[in-house]
Every structure is written in C-alpha cells, then in structure tokens.
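So the chains spell out like this:
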Amino acid sequence: MSGLIQHLLITLRLNFRSKQALVYGYIVPVFFLLAFGSIFRQLSQEFGQVLVISTLGGACFGMPTSMVSERERGVWRRYRLLPASTGTLIFSTMVARFLIIASAALMQVGLAMWWYHMKPPEHPWQLAIAFLFVCFAFLGMGLVIAMLAETVPAVQALGQSVFLPMIIIGGVGVPFYILPHWARHVADFLPGRYAVDALQSCIDGKGLRAVGPSLLALTLIGAAGCAAGAKLFRWDVGQKLASAARGWALLALLPWAAVGIAATVQGKIAAAGAANPIIEAIVTRSKPAATQAAQTQPVAATAPSTHPAIASATTEPSTHPTVASSTTVPATSPALPADWRSVTEAQIASISYDDLEPDQSAVTPVSPNLDNLTDEAKKRMDTLATNLADWKGTLEDDPVQKVRNLLAVAGVPDVMQDPNEGEIPLIVFDRLKTTVPRDDLIKCLTYVALKPDEGTYPTGMAELGFDVTLPQEQVRERAVVYGKKLLGRLLGKLPVKHVDQ
Amino acid sequence: MTPPVPVIVRDLVKRYGDVEAVRGVSFDVRAGEIFGLLGPNGAGKTSTLECVIGLRVPDGGSIQVCGLDARTHPAKVKRRLGAQLQSTALQDKITPREALRLFGSFYSNAVEPRTLIERFSLQEKADASFDSLSGGQKQRLALALAFVNNPQVVFLDEPTTGLDPQSRRELHKLIQQVRAEGHTVVLTTHYIEEAHQLCDRIAIIDHGKVIASGSPRELVASSKSLPRVVIRAARTLERSVLAALPAVQDASPTNSDDGWELKTTNISQTTIDVVQLLHRQGNELLDLHVQRPSLEDVFIELTGSRLRD
C-alpha cells in the first residue's frame, strides 16, 4: 500500500515538473474551453463535450506518452524488480492520471463559470461520479494504446486514430444533434458519445438516472480496456507483442461494437414508435433555464423588482447576455394572454429588447441586407424564398403556429451554423410580413415571446434544404429570439446595436 | 557451521528463438564474497543474471537464491535481493532522495534514504534532478537503489561500463565496502582488470557456457602460459642471441617499442643472463620487468581469442 501511494505521489510530482505535461494537461484544455466558449456561447449546453475532449487528451495521449517514455528509458524494467504486482503499478499510474485530468476539469469548470458565466452544474456530485466513469473508460483505452505503441510517436499515431473520429463524427467536438444521420450511427460505436451523454446529463439535465445505458457502456469499455491492457502489459522495450497477444487489443474493441449495435437497435425500435430517445434525452437536458423557470414560476407570483435594471429588463436577467435570458417573461407585465388574439398593448409594450444578442454576433445573427452575397448564395436565397411560399409550414391556418413555423426556418440554420444563417432570417421576416397582417403579426410575435414553451417548432425541413433533425428546444430557443428581433423591428424598438431597422 | 550458499545455479538454459544464449550454466556463490561472471559481450552473462533475478524466464535449469527456488517463488526472492541493471535510467526530473523513497516504499525493511545517500556519497545531489547527475553519480544512485531493502545478495550488471577511470575506482571501493559489510555481490563484467581486482571468485563465460571458474589466483595458476621477462636496451638486440639463452623458450619483439619479450621457464636465471649479455656487449639496459600469466592469458588459452572490449 505504501508503495502504491508513493508511486502515485511521485507520478503526480513528476507531472507537475514537466513543462510539456503542463501544457498538454492544462493549457490545451483552456484552449478548448475558449474555443467552445467563443463558438457556442451557451457553454453549459456543450460543456460535457469540453470535459470529454480534455479527458480524452489526458487519458489517450498523456498517460500512454508518459508510460511509453518511461518504458523506453528502462524505468519500468527497473520497477519489475520490485516486489509489487503489475496491477499495483498500473492502478497507481491510472489513479495519478485520473487526478491530473480531474484537476484540469475542475479548472475548466471554474473558468467557465467565471469567464463565461456558466451556471453551476445541476448535479455536481453526480457529475463527479459520471466523470469517474468517463475517466475509467478512457484510461482503459489509454492503457491499451500504451501497450500497443512501441515508441512515443506511435502513441501519437494511435491516440489520434481514437481521438479524431470521436471529435469529428463521434459527438464530442461537433454536437451529436448536428451530426448527419449516418454519422450518428457511427458515433453510437464510439465511446465519446456516451461520455458526453453522461456528463451533459449531470450538467444541465436529469442527472445520472437518465443515463444508465451510457454509464453501462462506459463501464464495459473501461473494463475491457483495463483487462486487455493488463494482459498486453510490457515492462521492457525489448518485449515484443506476440501475435496471439494482439487478440487482446481486439477484445478491448468488442464493447465498442456491442454498445454500438445495442444503440442502433434501440434507436430503430424507438424510431418505429415515437421520438428518437437520444434526441429526447438531449432535449430534456438542454432546455434553457429561463424556459424552465417560465414553466414552474407563475408570472403573477413574481414580485416586481425594486432594482431599476431588473425592473426594466424583466425578471432575473443574466449577467451574461445569453439567448435564454432574452426569452424571459416580463416581471411587470400583466397576466399572460389566453391566446394570441387577446394580447394587449401593455403586453406588447412589456417586451424588452435590451438583452438581445447583437445582430452581428455568432448567435441569432441577422445580416443588414442581401447585397453582399455571392451569385450562388443569392440563388440559394431566391430558391428558399420561392420554396417558402409553398412550404407546408407557411400554409398553416393558425397564424401563431404559422409564425412559429417560419421563425423555425430562421432558427434551424442558426443552430446548424449555416453559411447564410444571417441572411435567411431576412427571407423569413419578409415572408412573415407578407403572409400575416401587421397587427396580427405583432400580437403573434408578442404571444410567442411571452409563451415560449407553447406550440411546436419544426426541427427538420429537408424540403427547404436543411436535412437535419435538431432538438426541439434548440430550435425553439433560437426561433423565439428571432421572433423578438422581428417584433422589435416592426415596433422600431430595437436598440442601436442592431444594424437593420 | 558453514554459512548457507546464497546463490546456486544449475544447468541454466535460456533461448531467444533459435539462439541458445545460455547453455547449461552452473555456479555457486558463497556468502560474503564478490563473485564475477566474466566474458565478452554477447557471452550470455546478462541473460544468466537476468534469469537469476527474475527478469527473464529460463528455459531450463534450477536457480536458488537465499535458499528459495527463484523459479517458483519469484516474489519472495525479489524481497531478498538487490539489483543494478545495465541500462536503467530513471525519470529526468526525479531526485535521488525521491527515487530512494519510492523504491524503498515497496519493502517492509527499507533503509532510510538519508542513510543510503550518505553511504553512496550522494549528499550534494540528493535533491537534484536525475538528468543533472554525472554518469558516476547515476551509477552510484543505481547502486544505492539496489540496497534499499538491505539485501542479502546484490546483483550488479556491468556496473562500471561507460564510466571514467576515477568513477570506476570510486565504484570499486563502494563494492568492496558493501562486501566488507557482509553482503554477497554477484557482478558481470567484461573488464579483466576489474574482475581480477574486485572478485573473490570468477566464472568465465563464453558462448553461453562456463568454461572455467575459481579465484583469480587459482585461474592464473592453472594457466599453461610461461612468465615473460620484458627488456629494452639502448642498442638493437639480435633475436637469435636472446633465443639462445638457457631458460628462454621464445623471444619476440614487443608491439609498442624496441623491446623484447622472453618467455622463460626460470625468471631469475633469464634475468641474470640478460644483464650479463648486455654487460658483455657494452649495451645499456633501459627497462626490465617481469610479466606473470594473467586472466587474459587464461582466457586466450581457453577460448583461443582475446577478450574483446
């Protein structure tokens, strides 16, 4: 026991003495945090991905690099003379790496809360447990990489072959719900998708109880990795892997295939019934805080704030300008309207626009005009305008649902980060203005802003050229903001930061 | 009462694929002695030692260390032995004190790092990183690590290879010191002088076999080579004249200068004859010394070739 602790402590100490380890262990995770923060803004909805990327880096590059480097130097050969089992030394190595990764993750959480005003995780202790599962799975994979790689450069090659697919099509770098369908099926076979699922559920979802299958998948992947890594363990650089031993590497991949097949089968069954369970889970987790508050907090019960800023900006404005905050129900408004026709002037006047993201920002952008488009983009916008006229969502009889449908056409490209995400809202605004009488449109938009959770928003619109299926809440959130932006334009109330009136 | 024999190796065999690196090696190591495995590179010394300390699994034979069967009780044996490997390096940023604490933590009878630091003269570098140590300091640390568990028997694989002469002498002193403290030392070397100076007994290994064993004195005494009187004179000497001296069996020029090497059956007689010869010729004697048969000679006799560095 004393040996295990000493080995763990010295591994930690040596890590903190290595400049390279510090850069990879702490600077690179900060870089990923900044990258995600600047791209997504709503960091809490993507923070699971940030944590998974850092964990992957530490487990699949950091640990194997350190182990292979020590093996090349003969350190492990010397360890072999100690009266200690292989398992003891592997265990202390993995625990040390876990602590290093965990410290980097804590740093990321702290920085995200401080710099990006990210909400604290909904279930912090459950997040810690989920993080343990994720580390176990990835460290098992890292152990196999360490045993398969002959040299440190080989670690990089093997690590990248695991890392890159997960980042690009595994739901780790690019959010799962944005991935095309074929990539989602691939992601089902990669551990990263389950790691993001488990962590994200504890950050802004239902916690561990919603992610049992993902935890099971991570456990199986980690256990197989550890077993294979222990079997393949090499003390000495001169020890070559027997061809029979390489079979253990395949064993480590078996759970990947098993959980992938299980997820595929489960997805097909669910698709035959109702909603996709994966999307459902993400929707549940990613529901904006303000929307949740609106559901649980009757407006009439909200006391008017004595703070002038709060009073003018409606209830509990976020200290950070987020999309969610702009959908907040006004605290000082009269009772919510029963339907869009009963929207009053007072309710229309109660909508605040101060907390809207500027039109030039990455979230809910609106271009000043369509003048600077390429010929190809202009053609695309023309086609969209034409198709929009006959689109089933435009032909909806209920005016407020028609407004929701069309606003979703602006929201979907924004979530997708479409190259014309700024121009498409202009097409949508035009269509709304030409198909809904102005007064009705103002009432409908006010109603949508006051009751953001009502109704449905189309999440897939292949006929308009957006061949994706996005989470309902993501689209709803963006659509409601675009509704407010149009309402502000119609009433001439948008602040000066918005370019186009 | 006879002290127990710490190491008994019988008919040890180790193969690497088709290559038989160790071919039936047997030897005993007595308590409190320095025992050397001497042989050229590739002779099978390191393979033999690594089998004995449990780093490699032998293909045949038996090994007993401290009364335990090393093949069936490797973990117990590891607790009783210490070892310094030929190519061990530690992490760049670990300090000698940390390394000694780490390795000692795996033993119940660990020696205090401070004690080992003093004993192996590492005080100045006790808290310096490993990559800042000199070659000799690294070897002293490796030796100190072999003593973290105060072992009965310690194995050293080529302990002085790559060291400068001063570091080598310092390490020799340390090894003799640990022998004086009652430890048994088994070392491998390809340096004949080292084996001669350090070892109480030697096993000469070549091509995976022990071809001779005994104390350096016994091995030299067993040599069939004749002692040599080596002379150098001011003026040139004739080979035929030197070869005609009564006890001289052979006269040959030395490689390095204008001297002669006279193999003789009687050192005293030849020395007197050479002095008288030069006196008669009016020649001046510049140098005269006697060379007795060495381990090198023994090795050449046994293998037909010189011990290569």
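Note that the structure is a prediction, hence the values are computed from the model and not measured.

Rules behind the numbers
- Residues numbered from 1 in each chain as written.
- Chains lettered and ligands numbered in written order.
- Predicted model: local features only at pLDDT ≥ 70, side-chain atom pairs only at ≥ 80, totals over all residues.
- Helix = DSSP H or I, 4+ residues; strand = E, 2+ residues; numbered from the N terminus.
- Buried ≥ 20, exposed ≤ 12 C-beta atoms within 10 Å, placed from the backbone.
- Contact = placed C-beta atoms within 7 Å.
- pLDDT = per-residue confidence, 0-100.
- Nonpolar A, V, L, I, M, F, W, Y, C, P; charged D, E, K, R; others polar.
- Axes fitted to C-alpha atoms, helices over the stretch in contact; angles between N-to-C directions.
- Left-handed = near helix turned anticlockwise from the far one by under 90°.
- Pairing = 2+ DSSP bridges.
- Core = buried A, V, L, I, M, F, W, Y, C linked by C-beta atoms within 7 Å.
- Right-handed = clockwise from strand over helix to strand, strands pointing away.

Helices and strands together make up the secondary structure of chain A, namely 20 helices and zero strands. The 501 residues of chain A split such that 46% are buried. Partitioning the contacts of chain A with sequence separation of at least 6, the portion at a separation of at least 24 is 76%.

The next thing to look at is the overall build of chain B. When helices and strands are counted, chain B shows eleven helices and 14 strands. Here the C-alpha coordinates of chain B stretch approximately 75 × 45 × 45 Å along the principal axes. Put simply, chain B has 309 residues, and 41% of those count as buried. Within chain B, counting contacts between residues at least 6 apart in sequence, those at least 24 apart form 67% of the total.

Turning next to the confidence of the model for chain A. Segments scoring low in pLDDT should not have their predicted coordinates read at a detailed level. Residues and elements named next belong to chain A. Taken over all residues, the pLDDT of chain A has a mean of 82, while the share at 70 or more is 84%. Confidence, expressed as mean pLDDT per element, reaches its minimum in chain A at helix 14 (residues 308–312) with 30 and its maximum at helix 6 (residues 124–148) with 96. Confidence drops under a pLDDT of 50 for residues 270–333, and excluding neighbours within four residues, the segment shows 114 contacts in the predicted structure.

On to the interface of chain B and chain A. At the junction of the two partners, chain B supplies 21 residues and chain A supplies 19 residues. Elements with a minimum of two residues in the side of chain B that touches chain A: helix 2 (74–80) and helix 3 (96–104) of chain B. It is helix 3 of chain B that provides the largest number of residues to the side of chain B that touches chain A, a total of four residues. Of the residues contributing to the side of chain B that touches chain A, the split by class is twelve nonpolar, four polar and five charged.

All names here are of chain A. The N-to-C vectors of helix 6 and helix 7 (residues 152–169) enclose an angle of 145°; their axes lie 9 Å apart at closest approach. Every pair of crossing elements has a handedness; the one defined by helix 6 and helix 7 is right-handed. In contact with M141, I145 and L148 of helix 6, helix 7 contributes V155, L158, G159 and V162. In terms of residue class, the contact of helix 6 with helix 7 is made up of six nonpolar, one polar and no charged.

Turning to the sheet that holds strand 1 (residues 7–16) of chain B, a few remarks are in order. Residues and elements named next belong to chain B. Overall, antiparallel pairing links the four strands, which are arranged 2-1-4-5 in an open sheet. With partners counted over all chains shown, the strands left at the sheet margins are strand 2 (19–29) and strand 5 (68–69), one partner each. Summarising the sheet, strand 1 and strand 2 pair through eight bridges and their orientation is antiparallel. If you follow I8 over to strand 2, its bridge partner there is D28. In the packing of helix 1 (residues 45–53) onto the sheet, contacts are made with strand 1, strand 2 and strand 4 (60–65), and the angle to strand 1 comes to roughly 115°.

Before going further, it helps to spend a moment on helix 1 of chain B. All names here are of chain B. For helix 1, the buried fraction is high: nine of the nine residues fall into the buried class. Among the residues of helix 1, those classed as buried are K45, T46, S47, T48, L49, E50, C51, V52 and I53. In the segment just after helix 1, G54 is the residue with positive phi, at about 95°.

Before going further, it helps to examine the sheet that holds strand 12 (residues 248–253) of chain B. Residues and elements named next belong to chain B. Taken together, four strands build an open sheet; the order of strands is 12-13-11-14 and the sheet is antiparallel. Strands at the two margins of the open sheet, each flanked by one partner only, are strand 12 and strand 14 (285–291). Taking each pair of neighbouring strands and ignoring which way they run, the sheet shows an average axis angle of 20°. Bridge analysis of strand 12 against strand 13 (residues 260–264) gives five bridges, and the strand direction is antiparallel. Opposite P253, over in strand 13, you have W260 as the bridge partner. In the packing of helix 10 (residues 267–281) onto the sheet, the strands contacted are strand 11 (228–233), strand 12, strand 13 and strand 14, and the crossing angle to strand 11 comes to about 15°.

Residues and elements named next belong to chain A. Mapped onto the elements, R77 comes out in helix 4 (residues 75–79). The class of R77 is buried, set by 22 C-beta atoms lying within 10 Å. Measuring from C-alpha to C-alpha, the distance between R77 and D236 comes to 5.3 Å, with 159 residues separating the pair along the chain.

A:V134, A:A198, A:L199, A:L218 and A:V403 are the most contacted members of the largest nonpolar core, which totals 115 residues. With 17 residues, helix 6 of chain A is the single largest residue contributor to this core. In terms of nonpolar packing, the next biggest core, distinct from the first, is built from 76 residues, B:L122, B:F147, B:V154 and B:V186 among them.

Across the nine residues that make up helix 3 of chain B, a large majority, seven, are buried. Taken residue by residue, helix 3 of chain B has B:P96, B:E98, B:A99, B:L100, B:L102, B:F103 and B:G104 as its buried positions. Against helix 1 (2–17) of chain A together with helix 4 (113–119) and helix 5 (135–146) of chain B lie the buried residues of helix 3 of chain B.

Two faces, one strand: in a regular strand the side chains alternate between the faces of the sheet. All names here are of chain B. Among the five residues in strand 7 (residues 153–157), five count as buried, and that is most of the element. With burial as the criterion, each face of strand 7 is covered, one bearing V153, F155 and D157 and the other bearing V154 and L156. Relative to strand 7, strand 6 (residues 81–84) runs parallel, the two sharing four bridges. From the neighbouring strand, L81 faces strand 7, where its bridge partner is V153. Traced from strand 7 through helix 6 (residues 165–180) to strand 8 (residues 184–189), the parallel crossover comes out right-handed.

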